[in-house]
Amino acid sequence: MINEELWQSVLAQIQLNISQVNFATWFKNTEIISQKKEKVVISVPNSFVKEWLENKYNTDIFKIIHKFNDKIKEIEYTIGKPKLKIFKKNPVVSPETDQLEFQQFKIDKNSNLNPRYIFDSFVVGSFNELPHAAAIAVAKNPGFVYNPLFIYGGTGLGKTHILQAIGNEVIKNFKKKKIQYIPSERFTSEVVSAIRNHQMELFKAKYKDVDVLIIDDIQFIAGKEKTQEEFFNVFNVLYESNKQIILSSDRPPRAIQSLAERLKSRFEGGMIADISIPDLETRIAILKTKAQEKKVDFSTETYEYVASIIQKNIRELEGALNHLIVYQKLNNQKPDIEIVKNIFKNLFSVKQPIVTPKKIIQEVADFYEIKEKDILSKSRKKEIVGPRQVAMYLLREELKNSFPFIGRKFNGRDHTTAIHSYKKILNEIIKNKRLEGEIELIKEKILTG
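First, a word on scope: everything that follows refers to the structure included in this document. Just so we're clear, the structure is a prediction, and the values are computed from it rather than from any experiment.

**Some words on helix α16 (residues 382–399)**
Between its first and last C-alpha, α16 extends 25 Å over 18 residues, near the 26 Å set by a 1.5 Å rise per residue. Listed in full, the buried residues belonging to α16 are I384, V385, P387, R388, Q389, V390, A391, M392, Y393, L394 and L395. Following α16 by one or two positions, K400 has its phi on the positive side, about 60°.

This is the structure in structure tokens:
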């Protein structure tokens, strides 16, 4: 494969597995500049990207390249300027675009919002009706309805899209309002930097003037005491001034372990809405909508097949579509259904992953941020007993394990303990929507992990 063709194939597969923001941050202005003997040399724009790709993504990049050329044994990164022909000033998202979709990352420097994320391109279905309705209401009257708005759901289900759509809608309707979108990890970095440089007053002043604060993946501030303290202060200042706060997470507030109780209480004081997994019809609609945005089209059979093999992640749907666009660009023809199946046979498996008791116990422990050995222990602490009962419930519900077997898995407990745990969770999820949501998220992680 020629350099450009190989790198396009790498980008298409990388994009399936990371967020769009990360994809833009670390892979924009990159290219393969040579393939010599057993080494591929990749040009990157600066030393920061070079270090990040070497440490974070090198293994993934190597695996993909090696799949196309098994003679490659080494990846080298070098700092250099990309060829001008690869990156047009205003690239259009289409099969003729020389590199994948970086037009969509024209981030507004003041708000950090991506103008691509708007309500018109957000596909609404039964899985996201509530957060969509709440988002529309907030965008029309920020600070006075559903404050804070807390949206949670699994990876790649559209949380970032709907959060940024709110911000873009507010900018359109309220020209004077100041909007700030920021991932929680960057917020943490700002706190650390402000402390290190003795600039906490500047940090506080920056957020004091914000009218709408949008923080993505708020769960990542868990366990970071100073970040939580500063966010608590920012939250109070904005809330008391009727400024809008919008948050996203992969789980509801109560399920975020190592998060200060006072923050959980604040988060639960407004509207909490969850995004679940879209059904087949909605996934097909999403693919068609994304294709229309990119000014491409494929057969109905292609849309149906892709939607059938990618069931739990909208981001992966879009990544798969990009993969088809790359094929069409390189081959100057639309792939028929057999080619489509061949393209994705190594990327996605229609078969469900193997689920074992150990896998379930691991995912429950990870979700509740406790040690696996604690779940299996004799501990009667409340923060251990609850997750243990959830794990027992899932072993019965998902694997149909016998109660004696479940008891033995948990340090030789009696089968009656397993029966009690199963029935307790079974009854609890009927009346406890939060617990029901937690269990659905755990199931998702078990099936996609």
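**Notes on the sheet that holds strand β3 (residues 74–79)**
Strand order in the open sheet formed by three strands is β1-β2-β3, and the pairing between neighbours is mixed. This sheet does not close on itself; its edge strands, each paired only once, are β1 (31–36) and β3. Averaged over all adjacent pairs, the angle separating strand axes in this sheet is 25°, with direction ignored. Looking at chain direction, strand β2 (residues 39–44) and β3 are connected through six bridges and run parallel. By the bridge assignment, V44 is partnered in β3 with I79. Contacts from helix α1 (residues 3–14) reach β1 and β2 within the one sheet, and its direction differs from that of β1 by about 120°. Helix α3 (residues 47–68) rests against β1, β2 and β3 of the sheet, and its axis sits at about 150° to β3.

**Quick word on the pairing of β1**
Two faces, one strand: in a regular strand the side chains alternate between the faces of the sheet. With five bridges connecting them, β1 and β2 associate as antiparallel partners. Within β2, the position partnered with E31 by the bridge is S43. Between β1 and β2, which follow one another and run antiparallel, lie two residues, and K37 among them has a positive phi close to 55°.

About the cut-offs
Residues numbered from 1 in each chain as written. Predicted model: local features only at pLDDT ≥ 70, side-chain atom pairs only at ≥ 80, totals over all residues. Heavy atoms only, no water. Helix = DSSP H or I, 4+ residues; strand = E, 2+ residues; numbered from the N terminus. Expected span 1.5 Å × (residues − 1). Buried < 20%, exposed > 50% of the residue type's maximum accessible area, 1.4 Å probe, protein only. Pairing = 2+ DSSP bridges. Axes fitted to C-alpha atoms, helices over the stretch in contact; angles between N-to-C directions. Contact = heavy atoms within 4.5 Å.

By themselves these figures say nothing about function.
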